[in-house]
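# Coordinate analysis (summary)
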Amino acid sequence: SEAKKELYAYVTEISFLYNEDVHYHNFEHASHVIISMYKLLNVLRDVENANSNPNNESGSDDREGIWNNSFTPFCLAYSCLIHDVGHTGQSNQILADKGHDIAKQFPGASAEHNSIKIAIDLLFQPRFSNFRKAIIPTALDRFEFGRNVYVC
C-alpha cells in the first residue's frame, strides 16, 4: 500500500537525519533502542497474557495493559526511532552554555524537543500523507499521538 511505502521512506529519511559523526546518539543507537523496546513490549504482553482473567465468562477482553490497543506500542516504537534525531552529540547543558540555537529554541530539554520537532515536521510533509493518515486519521488520534510521543 501507499502508506507502507511512505512508512519505509519516512524511516529511511529519519535514518539520514541522524548525525553520522556523533559517536553515540546515532541511527545505530536508535535501532538498538527500538529492538530493546520490542523485547520489553513482548515481555509485557507475556505478563499480561499470564495475568489475564481465564474465567472471563463474557468473552470480552477486560485487560487494561499496554496491548489493549496497538496505538501505544506504536507510539513507543516511534519515540524510540526519533529520540535522538539531529542530536549534536552535546548535552543540553553544553548547548545552553554555548548559547546554541537549539538551546535558545528549546530551553531545558533542548536536544529531546529538537528531535521531536524534526521528526514531526517531517511526518507532516505532504509526501507522507498516506502514512500519517494511517496512523493518526482523526484530530483525537493526532492529539493522543502528540501526547504519547512527548511523554515518552
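Attention here is on the structure that accompanies the text. Fair warning: this is a prediction, and the values are worked out from it, not measured in the lab.

### Some remarks on the packing of aromatic side chains
Counting across every chain of the model gives 8 aromatic pairs. Relative to Phe128, the ring of Tyr10 lies with its centre 5.3 Å away and its plane at 85 degrees, an arrangement referred to as edge-to-face. Of this pair, Tyr10 sits in helix H1 (residues 2-17) while Phe128 sits in the loop between helix H6 (110-123) and helix H7 (129-135), placing them 118 residues apart in sequence. Exposure remark for Phe128: the relative accessible area of 2% places this residue in the buried category.

### Notes on the environment of Cys80
Examined against the element boundaries, Cys80 turns out to sit in helix H3 (residues 71-82). Cys80 sits 47 residues away from Val33 along the chain, and the two C-alpha atoms are 5.9 Å apart.

### Some words on H1
Structurally, the α-helix is built with 3.6 residues per turn, so residues lying three or four positions apart point the same way. With 16 residues, H1 should cover 22 Å at 1.5 Å per step; its first-to-last C-alpha distance of 22 Å lies within 8% of that length. Taken residue by residue, H1 has Ala3, Glu6, Tyr10, Ile14 and Ser15 as its buried positions. Close packing links the buried residues of H1 with helix H2 (27-51), H3, H6 and H7.

### Concerning the nonpolar core
Ranked by internal contacts, the top residues of the largest apolar core, which has 20 residues, are Tyr10, Ile14, Tyr78, Ile82, Leu123 and Phe145. Among the elements that line this core, the one with the most residues is H3, at 5 residues.

About the cut-offs
- Residues numbered from 1 in each chain as written.
- Predicted model: local features only at pLDDT ≥ 70, side-chain atom pairs only at ≥ 80, totals over all residues.
- Heavy atoms only, no water.
- Phe/Tyr/Trp six-rings, centres within 6.5 Å; stacked < 30°, edge-to-face > 60°.
- Helix = DSSP H or I, 4+ residues; strand = E, 2+ residues; numbered from the N terminus.
- Buried < 20%, exposed > 50% of the residue type's maximum accessible area, 1.4 Å probe, protein only.
- Expected span 1.5 Å × (residues − 1).
- Contact = heavy atoms within 4.5 Å.
- Core = buried A, V, L, I, M, F, W, Y, C linked by side-chain atoms within 4.5 Å.

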